[in-house]
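This is what each chain is made of:
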Amino acid sequence: MTPYDAIPAQAVIRPPNRLIDGFGRAVTYLRVSVTDRCDLRCTYCMAEHMTFLPKAEVLSLEELDRLASAFVDLGVRKLRLTGGEPLVRKGIMTLVERLSRHLANGALDELTLTTNGTQLAAHAAELARLGVRRINVSLDTLKPDLFRRLTRGGDLAKVLAGIDAALGAGLKVKINAVALKHDNAEELPALIQWAHGLGADMTLIETMPLGEVEVDRTDQYLSLADVRRDLSSFWTLTDLAYATGGPARYVRVEETGGRLGFITPLSHNFCEACNRVRLTCTGTLHTCLGREDASDLRAVVRGGADDAALEQAIFAAIGAKPQGHDFRIDAARPAVARHMSTTGG
Ligand code: SAM
Ligand code: SF4
């Protein structure tokens, strides 16, 4: 038992959520990209020779804490740290420790991370100690050679060791895989079976046209409707009511007993329940993954704004959250110029 388990839910008095957008949706989930850097170069995510941001443009740990905490104070209940690779950000565990105060006082329901897992073996126990309960690990293949090619040099063994460490530390693990027509389409059933065998949930993601990369994503695009149909030919998939307010739809695979999610960002059907916004490592708030809308909160913070002025800037951005997005995988150029590694997945 940790200090975080000791707070009974009914003991926490929650002020009403003040982050309601123009369409009446409450924003309860903030994803924070803590760095644009990464130790891998997944082909669908980054160009091989990425130009990373100058350090001065990236928010300091203090600024990240201040901004994320302002959202928590206004009603955000779930924080996800992402990137780039969050675990390569220097001082990341200090940030996790600071943010964990919101778990300890009951303001936050969940503090979590999306990681490529390469550094997880070193950090899993500490994350668990700080109150992280669940973690998403991105992994598209269990074949070492394919992993090396897809990530341009990554070592699968490190990720597997990271997943082991996370499970050993008592973290719940969800495996995320991008469905790639030519690379892992045939391996997906084995990947799902492996994840479920570990007691992990599994989520499949469609490729999204975010940022210029060298590969042709139209060519790698695999419709999850087709994947689902294929899986249904040998497994029984039972729809689950489980929903996160995001673009994932979940089923239980009766044969493995595990939960499987399908994230189809190109479909519009989740926008009406969208509860999330994203903060980049440069302090830009994007209220919709699929649009170019942006509010510069770094300018507000670095301009010396007090807490009230920062709140006003956040309200203004949330008030302008678009109703829905605009993705098309077949468009000649990416629908959105920024990379996923900048926005945070
Ligand atoms: N580095 C961490 C990781 O890989 O988990 C966190 C950041 S990464 C940008 C978050 C997620 O976005 C990963 O699951 C990755 O596979 C996914 N992703 C990156 N580029 C994508 C794209 N163009 N389409 C769909 N998913 C993408
Ligand atoms: Fe790095 Fe994650 Fe992008 Fe892969 S998907 S290059 S691990 S940020």
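Worth saying up front: this structure is predicted, and the values here are computed from it rather than measured.

Thresholds applied
Residues numbered from 1 in each chain as written. Chains lettered and ligands numbered in written order. Predicted model: local features only at pLDDT ≥ 70, side-chain atom pairs only at ≥ 80, totals over all residues. Heavy atoms only, no water. Near = heavy atom within 4 Å. Polar contact = N/O pair within 3.5 Å; in protein donor to acceptor, adjacent residues only side chain to side chain. Areas by Shrake-Rupley, 256 points an atom, 1.4 Å probe, with all protein chains shown as cover. Nonpolar A, V, L, I, M, F, W, Y, C, P; charged D, E, K, R; others polar. Helix = DSSP H or I, 4+ residues; strand = E, 2+ residues; numbered from the N terminus. Buried < 20%, exposed > 50% of the residue type's maximum accessible area, 1.4 Å probe, protein only. Pairing = 2+ DSSP bridges. Right-handed = clockwise from strand over helix to strand, strands pointing away. Core = buried A, V, L, I, M, F, W, Y, C linked by side-chain atoms within 4.5 Å. Disulfide = S-S within 2.5 Å. Phe/Tyr/Trp six-rings, centres within 6.5 Å; stacked < 30°, edge-to-face > 60°. Lys NZ or Arg CZ within 6 Å of the ring centre and 35° of its normal. Contact = heavy atoms within 4.5 Å.

**With respect to the site of ligand 1**
As a structural note, the neighbourhood of ligand 1 is formed by 18 residues, with Tyr-44, Gly-84, Glu-85, Ser-138 and Met-208 the closest of them. The separation between a nitrogen atom of ligand 1 and a polar main-chain atom of Gly-84 is 3.0 Å. Ser-138 has a polar side-chain atom sitting 2.5 Å from an oxygen atom of ligand 1. Here ligand 1 loses 95% of its free accessible area of 550 Å² to cover by the protein chains. Its residues placed into classes, the shell around ligand 1 shows 6 nonpolar, 9 polar and 3 charged.

**Side note on unusual backbone geometry**
Positive phi, close to 55°, is recorded for Arg-152, a residue that is not glycine. Following the sequence through the fold, Arg-152 ends up in the loop between α4 (144–150) and α5 (156–168). Take Arg-152: its relative accessible area is 24%, and that puts it in the partly exposed class.

**Observations concerning the pairing of strand β6 (residues 201–205)**
For β6, the tally of buried residues reaches 5 of 5 residues, placing the bulk of the element in the interior. In terms of strand pairing, strand β5 (residues 172–178) meets β6 through 5 bridges, oriented parallel. Note on β6: the bridge partner recorded for Ile-175 is Met-202. Crossover connection from β5 via helix α6 (residues 188–197) to parallel β6: handedness right-handed.

**Side note on the site of ligand 2**
Close to ligand 2 lie Cys-38, Leu-40, Arg-41, Cys-42, Cys-45, Met-46, Gly-84 and Asn-116. In the shell around ligand 2, the residues fall into 5 nonpolar, 2 polar and 1 charged.

**Looking at the nonpolar core**
Within the largest apolar cluster, 92 residues are counted, with the highest numbers of intra-cluster contacts made by Leu-30, Phe-71, Leu-79 and Leu-204. Per-element accounting of this core gives the leading share, 8 residues, to helix α1 (residues 61–74).

**Quick look at the state of the cysteines**
Going through the model one piece at a time under the given rule, you end up with 0 disulfides. Its sulfur unpaired, Cys-288 is 6.0 Å from the next cysteine sulfur, which belongs to Cys-271. Judged by its relative accessible area of 10%, Cys-288 falls in the buried class.

**Details of the pairing of strand β10 (residues 276–279)**
Sheet faces and side chains relate simply in a regular strand, where the side chains alternate between the two faces. Neither face of β10 is open: one carries Arg-276 and Arg-278, the other Val-277 and Leu-279, and all of them are buried. Here strand β1 (residues 29–33) runs beside β10; their pairing, made up of 4 bridges, is parallel. For Leu-30, the partnering residue across the bridge sits in β10 and is Val-277. Of the pairings in the sheet, the one linking β10 to strand β11 (residues 284–286) comprises 2 bridges and is antiparallel in character. Its bridge partner lying in β11, Arg-278 is registered against His-286.

**Examining the packing of aromatic side chains**
Applying the stated rule across the entire model yields 1 aromatic pair. Between the aromatic rings of Phe-234 and Trp-235, the centroid separation amounts to 5.3 Å while the plane-to-plane angle is 65°, which identifies the pairing as edge-to-face. Residue classification places Phe-234 among the partly exposed positions, given a relative accessible area of 44%. Relative accessible area serves as the criterion here: at 8%, Trp-235 is assigned to the buried category. Across from the ring centre of Tyr-250, 5.9 Å away, lies the NZ or CZ of Arg-259, which sits over that ring.

**Re the environment of Ala-185**
Within the secondary structure, Ala-185 sits in the loop between β5 and α6. On the basis of relative accessible area, Ala-185 is assigned to the partly exposed category, the value being 27%. Spatially, the C-alpha atoms of Ala-185 and Asp-140 are 9.8 Å apart, while their sequence positions differ by 45 residues. When sequence neighbours within four positions are dropped, the list of residues in contact with Ala-185 reads Leu-180 and Leu-222.

**Considering the sheet that holds β6**
Reading across the sheet, the 12 strands line up as β7-β8-β9-β6-β5-β4-β3-β2-β1-β10-β11-β12 and stay open at both edges, with mixed pairing between neighbours. The sheet is open, and its two borders are formed by β7 (237–239) and β12 (295–296), each paired with just one other strand. As paired strands, β1 and strand β2 (residues 78–82) are joined by 5 bridges and run parallel to one another. The partner of Ser-33 across the bridge, within β2, is Thr-82.

Remember, this is a structural readout, not a statement about activity or role.
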